[in-house]
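Coordinate analysis (summary)
Here is how the chains run, residue by residue.
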Amino acid sequence: MTHAMSGARTGEVWILGATGRIGAAVAARLATQGVPLVLVGRDRERLEKAQADLGPGDDVKVVVAGTTERIAAEIARRRPAVVVNAIGAYAETALLIARACMPGGHYVDLAADLTAVSRLLALHQEAATAGSVLVTGAGFGVLATEAVVVKLCEDHPTPSRVRVDALGSVAMPGGVMGAYAASIVDVLTTGGRRYSDGRLVKTRLGADPQKLALPDGQTVKSAGMPSGELLAAQRASGAPSVTVTSALAPAAPAVRAVLPLLGILLAIPALRRLAVRRMARIPVKAAPRPRRHSWGHAVVTWPDGTSREGWLRADDGMDFTADVAAEAAARLARGEGEPGAHTPAAAFGPGLATAAGGVFILG
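Model, not experiment: these values are computed from the prediction.

What counts and what doesn't
Residues numbered from 1 in each chain as written. Predicted model: local features only at pLDDT ≥ 70, side-chain atom pairs only at ≥ 80, totals over all residues. Heavy atoms only, no water. Helix = DSSP H or I, 4+ residues; strand = E, 2+ residues; numbered from the N terminus. Rg over C-alpha atoms; globule rule 2.2 N^0.38 Å. Buried < 20%, exposed > 50% of the residue type's maximum accessible area, 1.4 Å probe, protein only. Contact = heavy atoms within 4.5 Å. Areas by Shrake-Rupley, 256 points an atom, 1.4 Å probe, with all protein chains shown as cover. Core = buried A, V, L, I, M, F, W, Y, C linked by side-chain atoms within 4.5 Å. Pairing = 2+ DSSP bridges. Axes fitted to C-alpha atoms, helices over the stretch in contact; angles between N-to-C directions. Salt bridge = Lys/Arg side-chain N within 4 Å of Asp/Glu carboxyl O. Phe/Tyr/Trp six-rings, centres within 6.5 Å; stacked < 30°, edge-to-face > 60°. Lys NZ or Arg CZ within 6 Å of the ring centre and 35° of its normal.

Observations concerning the overall build of the chain
- Along the chain, the regular secondary structure elements total 14 helices and 18 strands.
- Against the 2.2 N^0.38 benchmark of 21 Å for 363 residues, the chain shows a C-alpha radius of gyration of 20 Å, consistent with a compact globule.
- In terms of principal-axis extent, the alpha carbons of the chain reach across some 55 × 45 × 35 Å.
- Counting over 363 residues, the chain shows a buried share of 53%.
- Of the contacts formed within the chain by residues at least 6 apart in sequence, a portion of 74% connects residues at least 24 apart.
- As displayed, the chain has an accessible area near 15,500 Å², and 55% of this comes from carbon and sulfur atoms.

Some points on the nonpolar core
- Ranked by internal contacts, the top residues of the largest apolar core, which has 96 residues, are V13, I15, V26, L30, L39, I75 and F320.
- The residues touching I75, leaving out its near neighbours within four places in the chain, are W14, L16, P80, V83, I97, A100 and C101.
- By size, the runner-up hydrophobic cluster in this structure holds 6 residues, among which are L167, L214, V220 and W311.

Digging into the sheet that holds strand β4 (residues 82-85)
- Within the open sheet, the 7 strands sit side by side as β3-β2-β1-β4-β5-β6-β17. Their pairing is parallel. Single-partner strands in this sheet number two, and they are β3 (60-64) and β17 (340-342). Each strand axis lies, on average, 15 degrees off the axis of its neighbour in the sheet, ignoring direction.
- As judged from the 4 bridges shared by β4 and strand β5 (residues 106-109), these two strands associate in the parallel manner. In the strand pairing of β5, V83 is matched with Y107.
- Together, β1 (13-16), β4, β5 and β6 (133-135) form the strand contacts of helix α4 (residues 90-101), whose direction differs from that of β5 by roughly 165 degrees.

A short note on the pattern of salt bridges
- All chains considered together, the criterion is met by 13 salt bridges.
- E126 is the salt-bridge partner of R99, the closest N and O atoms lying 2.9 Å from each other. Taken together, the positions of R99 in helix α4 and E126 in helix α6 (residues 124-130) put the pair 27 residues apart, joining distant regions of the chain.
- Exposure remark for R99: the relative accessible area of 41% places this residue in the partly exposed category.
- A salt bridge links R292 to D216; its shortest N-O distance comes to 3.9 Å. Of this pair, R292 sits in the loop between β14 (283-284) and β15 (294-301) while D216 sits in the loop between β11 (210-213) and β12 (219-224), placing them 76 residues apart in sequence.
- It is possible to trace a salt-bridge network through shared partners that takes in R70, E74, R77 and R78.

Some thoughts on the packing of aromatic side chains
- This structure, assessed with the given rule, holds 2 aromatic pairs.
- Judged by centre distance (6.2 Å) and plane angle (80 degrees), the ring pair of F140 and F320 falls under edge-to-face. Residue F140 is found in helix α7 (residues 140-153), and its partner F320 is found in helix α12 (residues 317-333); the two are separated by 180 residues along the sequence.
- Using a relative accessible area of 9% as the deciding quantity, one classes F140 as buried.
- Using a relative accessible area of 2% as the deciding quantity, one classes F320 as buried.
- Taken together, a centroid distance of 5.7 Å and an interplanar angle of 80 degrees make the contact between W295 and W311 edge-to-face. Pair noted here: W295 is in strand β15 and W311 is in strand β16 (residues 307-314), with a separation of 16 residues, a long-range link.
- Take W295: its relative accessible area is 1%, and that puts it in the buried class.
- Using a relative accessible area of 8% as the deciding quantity, one classes W311 as buried.
- Above the plane of the ring of F360 lies K151, whose end atom (NZ or CZ) is 5.4 Å from the centre.

Comments concerning unusual backbone geometry
- For the peptide bond that leads from M102 to P103, omega is 0 degrees, which places it in the cis range.
- Among the structural elements, P103 can be located in the loop between α4 and β5.
- The phi angle at R79 is positive, at roughly 55 degrees, despite the residue not being glycine.
- Despite not being glycine, D155 has its phi angle at roughly 60 degrees, a positive value.
- With respect to the element layout, D155 can be found in the loop between α7 and β7 (161-167).

All we've got here are geometric facts, nothing functional implied.
Right under this line is the structure:
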């Protein structure tokens, strides 16, 4: 599939949050392909260091912009071909930045939370009319499970039930929680969700706890939490019943018992702001990834009772995310993708996961 470019575009790929872990990794991957890059962030000194780290040459520029509004204004004025949003807080940043790319510019983000993914996908008709391709969830979160569902459902009728499990394994660098704080609070305030009879309904956060035996012989615990994987799996399969669990969700019964009350308290705006500020400063110790591999998992069941199970194996979940985002951005820069708003496998097919280093194991 190819898309038409509306109006003159620079051909540049802009990386927002280019000094962060994922942004820097995406920039490094694209730089090796000779893609003209613009690194965008708040701190000129850090941006120029990131620019220097990518090596000599004229294909990497920097833009200093301190707010989302300023970033959007610069995108609208300078008209890059593709924007990769790696600044986080996607429920707040994605719509403004994606709209600044239109008409004719294209957008990629790494959102994995249900609210952000839903909001971006709601721009589908607007993006299609504008000739822009918007891709949300371009990382381990969303793609690792979505791609398995697509593979399992190929050449099959609509299933009755799907369960997906997002089982990331990530090495943690030392530092502070930072931008992850807002995502954690958003999960707590959203509460649990699942699809039942084709409708998105509330359920208990941490419901449906699992202990899964992985194909490599290791085990992992997971539990239900609201995430973009849920929406992507439902759209990919059409199943009326869909559930999702994550290895990031607390599986201990004592912790799960207090989650509903915590979610109610954090829904109060003043308490939410306070929690995000304080959590963002919490120190995080450096730690190796807890398991050898990251896994996306799905079980698909049809009305006649037959079922199929499948896995996608990746290494470090953050490394896979950077590979996915870079591959998606490169494809958009080459003119691939149908205008509209999409999850990653819907935009480029499940082969995007293997292009990023994933390996399917299908039953």
